[in-house]
Amino acid sequence: MAFYTLDVDAALDYARKALAEGLNVEITDRDLRDTRTHRSFQRSPILVKYWGVTVTEGASVMGYRSASAHQIIEAVETTAPEEYGAVHADDLVEYCRKYYKEIDEAVDVGDG
């Protein structure tokens, strides 16, 4: 199960608990981007860095180092953490929601 958060201390706590249980962990710094607005990772700016802790029973795993904010929102709204294989901390989810709310408000102001 993976854990994603903006808080490095929360990531380290999660990793320590997994290590205490004898599991392997990988901590990564990750990029949060916006591919909903910018259509690709290459064109989208980095919104914020966040932390990922991946817990494995075997060897360390490598995965994507970037995620789009809209994908995180979709993941928490449509699947359980067990199905998705990850827990997204409230701080990260709220950051994503606030980001899109601000974009939507800016568009509304521009249209009015």
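Everything below is about the structure printed above this text.
Rules used in this analysis
Residues numbered from 1 in each chain as written. Predicted model: local features only at pLDDT ≥ 70, side-chain atom pairs only at ≥ 80, totals over all residues. Heavy atoms only, no water. Core = buried A, V, L, I, M, F, W, Y, C linked by side-chain atoms within 4.5 Å. Buried < 20%, exposed > 50% of the residue type's maximum accessible area, 1.4 Å probe, protein only. Helix = DSSP H or I, 4+ residues; strand = E, 2+ residues; numbered from the N terminus. Contact = heavy atoms within 4.5 Å. Phe/Tyr/Trp six-rings, centres within 6.5 Å; stacked < 30°, edge-to-face > 60°.

Asks: Looking at this structure, how should I read the nonpolar core?
Replies: Nonpolar side chains tend toward joint burial in soluble globular proteins. In this structure, Tyr4, Leu32, Tyr50, Ala69, Ile72, Leu92 and Cys96 are the most contacted members of the largest nonpolar core, which totals 15 residues. Elements supplying a minimum of two residues to this core: strand S1 (2-5), helix H3 (69-78) and helix H5 (90-111). Top element by residues in this core is H5. It accounts for five residues. Not counting residues within four places of it along the chain, the set of residues in contact with cysteine 96 comprises Leu32, Ala69, Ile72 and Ile73.

Asks: Would you mind showing me how to read the packing of aromatic side chains here?
Replies: Any pair of aromatic rings gets described here by the distance separating the centres and the angle formed by the planes. What the rule picks out here adds up to three aromatic pairs. Both rings, one in tyrosine 4 and one in tyrosine 50, keep their centres 6.1 Å apart while their planes meet at 70 degrees; by these two values the pair is edge-to-face. In this pair, tyrosine 4 sits in strand S1 while tyrosine 50 sits in strand S3 (residues 48-56), placing the two residues 46 residues apart along the sequence. Residue tyrosine 50 is classed as buried on the basis of its relative accessible area of 1%. Geometrically, the ring pair formed by tyrosine 99 and tyrosine 100 is edge-to-face, given 5.1 Å between the ring centres and 75 degrees between the ring planes. Residue tyrosine 99 is classed as buried on the basis of its relative accessible area of 16%.

Worth remembering: the numbers are spatial, not functional.
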